[in-house]
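# A look at the structure
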Amino acid sequence: MGIEKCKIIELPKIKDKRGNLTFIESKRHIPFEIKRVYYLYDVPGGEKRGGHAHKKLQQLIIAVSGSFDVILDDGFERKRFHLNRSYYGLYVCPMIWRELNNFSSGSVCLVLASELYEEEDYIRDYGTFKSYIEINIKGEGKTQNGNLK
Ligand code: TYD
């Protein structure tokens with residue numbers, strides 16, 4: 001579940017003088033089935049979002065309008081991605097701590113998610129996240145089917 005799995009995916013872009021069009025198909029352009037879509041908007045200047053990890057959720061984060069930064073952290077390495085194009089999506093695999101900041105005025109952050117909303121999937125404390133990572137490395141944190149406990 002390392003940060004190297006998180007990457008920018010270039011989405012299809014149909015250029016047209018009437019305006020451009022981008023589309024996303026489950027498991028074709030992104031490696032998961034889309035079960036939920038949500039978006040962040042009207043984010044006041046200087047505000048931060050995120051500040052948590054997910055046990056099994058996969059996501060694609062897109063700046064459909066404006067720009068913002070996404071900071072990803074797998075417990076060992078931290079990377080900052082600046083999203084500012086509506087045809088680029090950032091794929092985030094499970095067990096990655098994320099923070100979003102530097103929102104431009106009027107920006108919209110669209111998120112495609114692999115699961116329905118489930119509060120139990122969140123890890124909202126960084127120390128707890130680090131201990132999950134350590135337990136996982138020792139191989140103690142998984143059930144027989146490989147899912148995190
Ligand atoms: P949260 O995921 O913490 O926001 P962010 O990571 O973007 O800063 O969610 C904020 C609140 O919204 C929290 O009370 C849970 C609720 N929520 C839902 O009810 N459904 C959803 O799909 C999402 C993403 C959040």
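Let me sum up the structure you'll find in this document. Fair warning: this is a prediction, and the values are worked out from it, not measured in the lab.

Take unusual backbone geometry next. Even without a glycine there, the phi angle at Lys 27 is positive, about 60°. On the secondary structure map, Lys 27 appears in the loop between strand S3 (21–22) and strand S4 (36–40). Phi at Met 95 takes a positive value of approximately 60°, unusual for a residue other than glycine. One can find Met 95 in the loop between strand S9 (88–92) and strand S10 (97–101).

With that out of the way, let us pick up the pairing of strand S7 (residues 68–73). Burial runs high along S7: six of the six residues are buried. Residues Phe 68, Val 70 and Leu 72 point to one face of S7 and Asp 69, Ile 71 and Asp 73 to the other, with burial holding for every one of them. For S7 and strand S8 (residues 78–83), the ladder comprises six bridges, and the chain directions are antiparallel. Residue pairing for S8: Val 70 is matched across the bridge by Phe 81. In textbook terms, the turn of a hairpin is the stretch between consecutive antiparallel strands, and for S7 and S8 this stretch comprises four residues, one of which, Gly 75, has a positive phi near 100°. Here S7 runs beside S10; their pairing, made up of five bridges, is antiparallel. Paired with Ile 71 across the two strands is Glu 99, which belongs to S10.

A separate point is the pattern of salt bridges. Tallied over the entire structure, the rule returns eight salt bridges. The salt bridge involving Glu 25 is made with Arg 28; its shortest N-O contact spans 2.8 Å. Measuring nitrogen to oxygen at the nearest pair gives 3.7 Å for the salt bridge that ties Glu 118 to Lys 56. Highlighted residues: Glu 118 in the loop between strand S11 (108–113) and strand S12 (122–123) and Lys 56 in the loop between strand S5 (49–54) and strand S6 (59–65), separated in sequence by 62 residues. Several salt bridges share partner residues, and in doing so they unite Asp 73, Arg 78 and Glu 99 into one network.

Around the ligand sit Arg 36, Tyr 38, Leu 40, Arg 49, Gly 50, His 52, Tyr 117, Tyr 122 and Arg 124, and those are all the residues in its vicinity. Within the contact set of the ligand, an oxygen atom lies 2.5 Å away from a side-chain nitrogen or oxygen of Tyr 122. At 2.9 Å from an oxygen atom of the ligand is found a side-chain nitrogen or oxygen belonging to Arg 124. Considered on its own, the ligand offers 530 Å² of accessible surface; in the complex 63% of this is hidden by protein.

The next point concerns the layout of surface pockets. In this structure, the second largest pocket encloses a volume near 190 Å³. Lining the second largest pocket are 13 residues, and of these Tyr 38, Leu 40, Arg 49, Gly 50 and His 52 lie nearest its centre. Secondary structure elements with two or more residues in the lining of the second largest pocket: S4, S5, S6, S10 and S11. Looking at the lining of the second largest pocket residue by residue, the class counts come to seven nonpolar, three polar and three charged.

In this section: the nonpolar core. Formed by 28 residues in total, the largest nonpolar core has its most connected members in Leu 60, Ile 61, Phe 68 and Leu 72. Among the elements of the structure, S6, S7, S8, S9 and S11 are those that each provide at least two residues to this core. Residue contacts for Leu 72: discarding those within four places in its chain leaves Ile 3, Cys 6, Glu 77, Arg 78, Lys 79, Phe 81, Leu 90, Val 92, Ile 96, Trp 97 and Arg 98.

Conventions we followed
Residues numbered from 1 in each chain as written. Predicted model: local features only at pLDDT ≥ 70, side-chain atom pairs only at ≥ 80, totals over all residues. Heavy atoms only, no water. Helix = DSSP H or I, 4+ residues; strand = E, 2+ residues; numbered from the N terminus. Buried < 20%, exposed > 50% of the residue type's maximum accessible area, 1.4 Å probe, protein only. Pairing = 2+ DSSP bridges. Salt bridge = Lys/Arg side-chain N within 4 Å of Asp/Glu carboxyl O. Near = heavy atom within 4 Å. Polar contact = N/O pair within 3.5 Å; in protein donor to acceptor, adjacent residues only side chain to side chain. Areas by Shrake-Rupley, 256 points an atom, 1.4 Å probe, with all protein chains shown as cover. 1 Å grid on protein atoms, 1.4 Å probe; cavity = no way out; pocket = protein on both sides within 12 Å on 5 of 7 lines; lining within 4 Å. Points joined across faces, edges and corners; volume = space filled by probe spheres on them. Nonpolar A, V, L, I, M, F, W, Y, C, P; charged D, E, K, R; others polar. Core = buried A, V, L, I, M, F, W, Y, C linked by side-chain atoms within 4.5 Å. Contact = heavy atoms within 4.5 Å.

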